[in-house]
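# Fold and geometry: a report
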Amino acid sequence: MSGEKPLPAAFEVTTTHPELRVFPAATKAGDWPAIAAGFQQLRGWQAASSAIWLIADVPGSDQFFRQVVAREPSPMAATILGYCLISAGWRIRTSYAASRVSREQFAALHDHLRDAERTLMDVTARDPRAMLAWKGRLTTAMGLSLGVAEGRRRYDRLARVVPDSYSAQSSHLQHTCPKWGGSWETAYAFARECVAQSPPGGLNGAVLATVFLEQWAVGGDDEPGRVLREGHQEVWAAAQRSVLHPGFRREPGWVGALNEFAAFFNIAGLHSYAAVFFRAMGEFASESWWDRLPGDGVENFYACRAESFSMAGGA
């Protein structure tokens, strides 16, 4: 789900992958045939996952896809509707801390999530291999507080079809963290499982950087960044198997995966390591984690990148 303000082009997945531009544009235009044709042209589940969230992030897409499903109740249209309902619910809830969200906003979120769950459940009942629908149900399980065990059951069903989906692993990792009813033991175990089972060059190693960053974000350390520095050798090894491996491919999600490593090492103060990932990102960028630091996320990204380049001895 996207943020609440427009980002510069360098931060947008449609800049990195122009083939995805058709999806938000066609959604705004109400052009279902163009959307359906666009999915036919995509290669791989990661691209399809990115496309479906781009559609869902368009305000009003849930109303449009209710109409599409009423006319043409295809599994793809129903799956997209499920995602659109999830995004619409979270737009009502907003990204504010729970203490700043009203009871009415939470009720509206849960109504949308239950509607999405029913829609996506119908898809997976008809086709147990409907990977995108199972992935959406990872989010509904988390948002409806169905429990970590149920989230893991759904992830395992998805993994039977696509065992190394980075986007699905990133989604389930959130559910394993304490903020959603999990534990650090469960979260780290899952992240290490993702690394161990990753194909060489896959994006999956970034999940390990993410779990360390999640623990850092909770705070509580007397020394900021200590938890990151303690894990840096393990995360560097995961990067060597992942985005630094010769088999690494720039499939949708690659910028975000590199950014997880860049954020991990920059926030840890290990700038020579961070510079490796910033350089690999080239002209592209991500706001993730930089918006957790004081100030603007976009400005923080460029400032932290410049800091790592400077400390490492040049861009």
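Per chain, residue numbering runs from 1 following the sequence as it is written. Local features in this predicted model are restricted to residues whose pLDDT is 70 or higher, and side-chain atom pairs enter the listing and the counts only when it is 80 or higher, whereas totals over whole chains, interfaces and linings include all residues. No hydrogens and no water enter the side-chain calculation; it runs on all heavy atoms of the structure.

## Some details on the overall build of the chain
Only DSSP runs of H or I reaching four residues or more are called helices, and only runs of E reaching two or more are called strands; each is numbered from the N terminus. When helices and strands are counted, the chain shows 17 helices and 0 strands. Scaling as 2.2 N^0.38, a compact globule of 315 residues should have a C-alpha radius of gyration of about 20 Å, and the chain matches this with 19 Å. The dimensions of the chain, computed from C-alpha atoms along their principal axes, are 60 × 40 × 35 Å. Burial here depends on accessible area, computed with a 1.4 Å probe over protein chains only, as a share of the maximum for the residue type. Under 20% is buried, over 50% is exposed, and the range in between is partly exposed. Per-residue burial for the chain yields a buried fraction of 53% across its 315 residues. Averaged over its 31 positive side-chain charges, the chain has a centre that lies 4 Å from the centre of its 32 negative ones. For the radius of gyration, the atom set is restricted to C-alpha positions; the globular benchmark scales as 2.2 Å times the number of residues to the power 0.38. For this count, His and the chain ends are skipped, Lys and Arg are scored as positive, and Asp and Glu as negative. Throughout, a charge is located at the NZ atom of Lys, the CZ atom of Arg, the CG atom of Asp or the CD atom of Glu.

## Some words on the environment of P252
Within the secondary structure, P252 is located in the loop between α14 (232-241) and α15 (254-267). Judged by its relative accessible area of 7%, P252 falls in the buried class. In this structure, the C-alpha to C-alpha distance between P252 and S50, residues 202 residues apart in sequence, is 6.9 Å. Here a residue-residue contact requires only that any non-hydrogen atoms of the pair lie within 4.5 Å. Among all residues touching P252, those that are not within four sequence positions of it are H17, Q46, A47, S50 and L203.

## Some details on the pattern of salt bridges
Salt bridges are defined as contacts in which a side-chain nitrogen from Lys or Arg sits within 4 Å of a carboxyl oxygen from Asp or Glu. Taken as a whole and judged by the stated rule, the model has 14 salt bridges. Among the ionic pairs, E117 bridges to R154, the shortest N-O distance being 2.8 Å. One end of the pair, E117, is in helix α7 (residues 103-126); the other, R154, is in helix α9 (residues 148-161), with 37 residues separating them in the sequence. On the basis of relative accessible area, R154 is assigned to the buried category, the value being 2%. In this structure, D122 engages R126 in a salt bridge whose closest nitrogen and oxygen atoms are separated by 3.1 Å. You can see D122 and its partner R126 sitting in helix α7, 4 residues apart, about one turn around the helix. The class of D122 is partly exposed, set by a relative accessible area of 38%. With relative accessibility at 67%, the residue R126 sits in the exposed group. Taken together, the shared-partner salt bridges connect E117, R137, E150, R153 and R154 into one network.

## What to know about the packing of aromatic side chains
Each Phe, Tyr or Trp ring, with Trp reduced to its six-membered ring, pairs with another whose centre is within 6.5 Å; inter-plane angles below 30 degrees give stacked pairs, above 60 give edge-to-face pairs, and intermediate values give tilted ones. Summed over the entire model, instances satisfying the criterion amount to 24 aromatic pairs. Residues W32 and F65 carry aromatic rings whose centres are separated by 5.7 Å and whose planes lie at 85 degrees to one another, so their mutual orientation is edge-to-face. Of this pair, W32 sits in helix α3 (residues 32-41) while F65 sits in helix α5 (residues 61-71), and the two are 33 residues apart along the sequence. Classification of W32 as buried rests on a relative accessible area of 7%. F65 gets classed as buried once you look at its relative accessible area, which sits at 0%. Between F301 and Y302 the ring centres are 5.2 Å apart and the planes differ by 80 degrees, which places this aromatic pair in the edge-to-face class. You can call F301 buried: its relative accessible area is 0%.

## Things to note about helix α2 (residues 22-29)
For α2, the complete set of buried residues consists of F23, P24, A26 and T27. Summarising the axial view, the buried residues of α2 lie within an arc of 165 degrees, below the 170-degree limit, and thus occupy one face. When the buried face of α2 is taken as reference, the exposed residues oriented beyond 90 degrees from it are K28 and A29. Where α2 is buried, its residues meet α3, α4 (45-56) and α5. Of the residues trailing α2, G30 is marked for its positive phi of about 70 degrees. The arc under discussion is defined with respect to the helix axis, by the directions toward the C-beta atoms.

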